[in-house]
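Read off the chains here:
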Amino acid sequence: MKIGIIGAGMVGGALTKAFAKRGHAVVVSSSDPSSERMKALIADAGANAHSGSNEKAAKHGDVIILATPWGATKGIVQSMGELSGKIVIDATNPIKADFSGLASFENSSGGEQVQAWAKGAHVVKTLNQIGFSLMDAPQVAVGEAIMFIAGDDEGAKATVAKLVESLGFKAEDCGGLAMSRSLEPLAWLWINRAMMQQKGPTFAFVLSDASPGA
């Protein structure tokens, strides 16, 4: 599959390497695609990965992954060119600039904002609920690491679920894109536990059904 990754920070870099090694053709963007840092990332990711502008990565990808700082996301989406019919995975979280919590929206969410900016695209919220170090084949002591997905297009969600599961997660469809309003606070819970409470980034969410009669 052709995947465009917008943003080459810790999350974007981890996903570039993870998807490239699984045989996907990846173009990852940054503000300086020819920088030494980008050259190192592409060399590490291997022959299936290339760098380029936001527009180049978006044009390349049948699936586009947004891995951008929230404050820059609107402008970046608007720099990506025509997105009609594209699947856009929104892996962002609307974190305030002072890192004090999530931005508040009236009857909306970051994911829904992205859908409004990405005209004609099929936005799916996912890959926002865990740290970059566990993006590839997460290992948990019991069960499977869960990754929730939310979106309004069933076909897009099915495609995204396969990609998520190829990384080693159990994909769990939790409904329409409005469920981003729940997934973004879940991400903030992960961030708070990992960073503010200093419990480290080596944990994932797991779903476990109670046994009959329990």
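Please refer to the structure higher up on the page.
Residues numbered from 1 in each chain as written. Predicted model: local features only at pLDDT ≥ 70, side-chain atom pairs only at ≥ 80, totals over all residues. Heavy atoms only, no water.

**Section: the sheet that holds strand β2 (residues 25-29)**
Alright, step 1. In space, the eight strands of this open sheet follow the order β3-β2-β1-β4-β5-β6-β7-β8, with mixed pairing throughout. Strands with a single pairing partner mark the edges of an open sheet, and in this sheet they are β3 (49-52) and β8 (170-173). For this sheet the average axis-to-axis angle between neighbouring strands, irrespective of direction, equals 25°. (Pairing = 2+ DSSP bridges. Helix = DSSP H or I, 4+ residues; strand = E, 2+ residues; numbered from the N terminus. Axes fitted to C-alpha atoms, helices over the stretch in contact; angles between N-to-C directions.)

**Some details on helix α6 (residues 154-166)**
Alright, step 1. Helix length check: α6, at 13 residues, gives a terminal C-alpha distance of 18 Å against a target of 18 Å (1.5 Å per residue), a fit within 8%.
Alright, step 2. Every buried residue of α6 is listed here: Ala 156, Lys 157, Val 160, Ala 161, Leu 163 and Val 164. Take α6 and look down its axis: the buried residues cluster within an arc of 165°, on one side only. Opposite its buried face, α6 presents the exposed residues Glu 154 and Lys 162, each directed more than 90 degrees away.
Alright, step 3. Sitting at the head of α6, Asp 153 places a side-chain oxygen 3.1 Å from the backbone nitrogen of Gly 155.
Alright, step 4. At the C-terminal side of α6, Gly 168 shows a positive phi close to 110°. (Expected span 1.5 Å × (residues − 1). Buried < 20%, exposed > 50% of the residue type's maximum accessible area, 1.4 Å probe, protein only. Arc of directions from axis to C-beta. Polar contact = N/O pair within 3.5 Å; in protein donor to acceptor, adjacent residues only side chain to side chain.)

**Comments concerning the pairing of strand β7 (residues 146-151)**
Alright, step 1. With six of six residues buried, β7 is to be regarded as a mostly interior element.
Alright, step 2. Burial along β7 is two-sided: Ile 146, Phe 148 and Ala 150 facing one way and Met 147, Ile 149 and Gly 151 facing the other are all buried.
Alright, step 3. Across two bridges, strand β6 (residues 122-125) lies against β7 in antiparallel orientation. Residue Lys 125 lies in a different strand from β7, and its bridge partner there is Ala 150.
Alright, step 4. Sheet analysis places β7 next to β8, joined by four bridges and oriented parallel. Counterpart to Ile 149 in the pairing with β8 is Asp 173.

**Re unusual backbone geometry**
Alright, step 1. Despite not being glycine, Phe 99 has its phi angle at roughly 60°, a positive value.
Alright, step 2. Structurally, Phe 99 can be placed in the loop between β5 (87-90) and α5 (110-117).
Alright, step 3. At Ala 137, a residue that is not glycine, the phi angle is positive and equals roughly 55°.
Alright, step 4. The class of Ala 137 is partly exposed, set by a relative accessible area of 36%.

**Some details on the packing of helix α4 (residues 70-78) against α5**
Alright, step 1. Contact geometry of α4 with α5 gives a least axis separation of 9 Å together with a crossing angle of 20°. Classed by the angle they form, the pair α4 and α5 counts as roughly parallel. The handedness of the crossing between α4 and α5 comes out as right-handed. Every residue of α5 that contacts α4 at Trp 70, Thr 73, Lys 74 and Val 77 is listed here: Gly 110, Gln 113, Val 114 and Trp 117. (Parallel < 35°, antiparallel > 145°, perpendicular 65-115°, else oblique. Left-handed = near helix turned anticlockwise from the far one by under 90°. Contact = heavy atoms within 4.5 Å.)

**Let's talk about the environment of Glu 36**
Alright, step 1. Considering the arrangement of structural elements, one finds Glu 36 in helix α2 (residues 36-45).
Alright, step 2. Residue Glu 36 is classed as exposed on the basis of its relative accessible area, which comes to 58%.
Alright, step 3. In the structure, Glu 36 is positioned 133 residues away from Phe 169 in sequence and 32 Å away in space, judged by C-alpha atoms.

**Some thoughts on the side chain of Glu 112**
Alright, step 1. The topology assignment puts Glu 112 in helix α5.
Alright, step 2. There is a polar contact of 2.7 Å between the side chain of Glu 112 and the side chain of Ser 109.
Alright, step 3. If we skip the residues at most four places from it in the chain, Glu 112 touches Asn 107, Leu 177, Ala 178 and Arg 181.

**Some remarks on the nonpolar core**
Alright, step 1. In this structure, Leu 15, Phe 19, Ile 65, Leu 127, Ile 130 and Val 164 are the most contacted members of the largest nonpolar core, which totals 50 residues.
Alright, step 2. Looking at this core element by element, the count peaks at six residues for helix α7 (residues 180-196).
Alright, step 3. Look past the residues within four positions of Ile 65 in its chain and what remains in contact with it is Ile 3, Gly 4, Ile 5, Ile 6, Leu 15, Phe 19, Ile 89 and Ala 91.
Alright, step 4. With 18 residues, the next largest nonpolar core counts Val 27, Ala 57, Ala 58 and Leu 83 among its residues. (Core = buried A, V, L, I, M, F, W, Y, C linked by side-chain atoms within 4.5 Å.)

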